[in-house]
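# Structural characterization, general
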Amino acid sequence: MSSFFQKQLISFFLFNFIFIFFNNPTLSALKTTVTEVNNDVFVLDVYGKRFNLKKSDEIKSGDFLKTNNLPASFILKNKTKICLSANSSLKITTSDLIKENYEITFQFRSGDLYLSIPINSIDKYNIKFFNYSIKNSKNDLVLSENSELELINYRNSFNLFFKDKKNKKVPPLTFLKLSKGGNIINSSKIMNSDDIKKK
């Protein structure tokens, strides 16, 4: 085989690989569209670009989102709502398209987070916070990071993992206070909003 023909063949395969990579949603960076934003959410993207999140912006794997002095919220195209208190932060660790459904992993870093996932959502959400994780969440939940971690689950049971080992099955309408070392400090049922204020 001549060296010219070998170079042409290598160029052909290289071009096809690059074309397939950038046109395959499971291989290229998947972006999720924001449909509504209330107050300032500051983004540092995976490429080092800084911007204020706006309607029709796209967020992707590796993006770091935070609020400063005011609470803020934003809604994704599939109606998932994310609310952050003042001085809170969140990272999108992965955003993939698997069999026409999104799978997004959020890493909660600080402050307070309210996540509301539509009941009829076909997408998959994973939430990581410190050494804890919730896989395939279909819930409305609140996470708060103070001296201990606090979690409120409003809807649907889920398994809470600590360092990838199942720690506790969390039923609906449950308040948990968690240590950063994997211990459940307090667990109680919530009957109404007044119960939450007492926690």
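The structure contained in this document is the topic of the report that follows.

## Describing the overall build of the chain
- If you tally the helices and strands in the chain, you get 2 helices and 18 strands.
- Counting the 199 residues in the chain, one finds 38% classified as buried.
- For the chain, restricting intrachain contacts to residue pairs at least 6 apart in sequence, the fraction spanning at least 24 positions comes to 40%.
- Carbon together with sulfur atoms contributes 54% to the accessible area of the chain, which is approximately 11600 Å² in total.

## So, the pairing of strand 17 (residues 174-178)
- Extensive coverage of strand 17 is indicated by the burial of 4 of its 5 residues.
- In this structure, strand 14 (residues 149-153) lies alongside strand 17, joined through 5 bridges in antiparallel fashion. In the strand pairing of strand 17, I152 is matched with F175.
- Both strand 17 and strand 18 (residues 184-189) contribute to a ladder of 5 bridges, which runs antiparallel. Within the sheet, the bridge partner assigned to K177 lies in strand 18 and is N186.
- Counted along the chain from strand 17 to the antiparallel partner strand 18, the turn is 5 residues long, and its residue G182 has a positive phi close to 100°.

## Section: the sheet that holds strand 8 (residues 89-98)
- If you walk across this open sheet you meet the 9 strands as 3-2-5-8-9-11-12-15-16, and the pairing is mixed. Across the chains shown, the open sheet's two edge strands, defined by having one partner strand only, are strand 3 (50-52) and strand 16 (165-170). The sheet shows a mean angle of 25° between the axes of neighbouring strands, direction not considered.
- In terms of strand pairing, strand 9 (residues 101-110) meets strand 11 (residues 124-129) through 6 bridges, oriented parallel. Within strand 11, the position partnered with T105 by the bridge is N126.

## Notes on the nonpolar core
- Counting residues in hydrophobic clusters, the biggest one holds 35 residues, and the most contacted among them are L53, F74, F129 and L160.
- Setting aside residues up to four positions removed in sequence, L160 forms contacts with F129, Y132, S133, I134, L151, K165, K166, N167, K168, V170, L176 and L178.

## As for the sheet that holds strand 6 (residues 72-76)
- Taken in spatial order, the 9 strands make up an open sheet running 4-1-6-7-10-13-14-17-18, and their pairing is antiparallel. Whereas interior strands pair on both sides, the edge strands pair on one side only; in this sheet they are strand 4 (58-60) and strand 18. On average, each strand axis in the sheet is tilted by 20° relative to the strand beside it, whichever way the strands run.
- Bridge count for strand 1 (residues 31-38) against strand 6 is 4 bridges, and the pairing is antiparallel.

## Some words on the packing of aromatic side chains
- Per the stated rule, a full pass over the model turns up 3 aromatic pairs.
- By way of ring pairs, the aromatic residues F129, Y132 and F162 are connected into one cluster.
- Between K49 and the ring centre of F51, over which it is positioned, the NZ or CZ distance is 5.5 Å.
- The side chain of K135 reaches across the aromatic face of F161, ending 4.4 Å from its centre.

## Let's talk about the pattern of salt bridges
- Overall, the coordinates contain 7 salt bridges when judged by the stated rule.
- The closest approach of N and O atoms between D140 and R155, which form a salt bridge, is 2.5 Å. With D140 in strand 13 (residues 140-145) and R155 in the loop between strand 14 and strand 15 (158-162), the pair connects residues that are 15 residues apart, well separated along the chain.
- Taking relative accessible area as the criterion, R155 reaches 17% and is therefore assigned buried.

Cut-offs and rules
Residues numbered from 1 in each chain as written. Predicted model: local features only at pLDDT ≥ 70, side-chain atom pairs only at ≥ 80, totals over all residues. Heavy atoms only, no water. Helix = DSSP H or I, 4+ residues; strand = E, 2+ residues; numbered from the N terminus. Buried < 20%, exposed > 50% of the residue type's maximum accessible area, 1.4 Å probe, protein only. Contact = heavy atoms within 4.5 Å. Areas by Shrake-Rupley, 256 points an atom, 1.4 Å probe, with all protein chains shown as cover. Pairing = 2+ DSSP bridges. Axes fitted to C-alpha atoms, helices over the stretch in contact; angles between N-to-C directions. Core = buried A, V, L, I, M, F, W, Y, C linked by side-chain atoms within 4.5 Å. Phe/Tyr/Trp six-rings, centres within 6.5 Å; stacked < 30°, edge-to-face > 60°. Lys NZ or Arg CZ within 6 Å of the ring centre and 35° of its normal. Salt bridge = Lys/Arg side-chain N within 4 Å of Asp/Glu carboxyl O.

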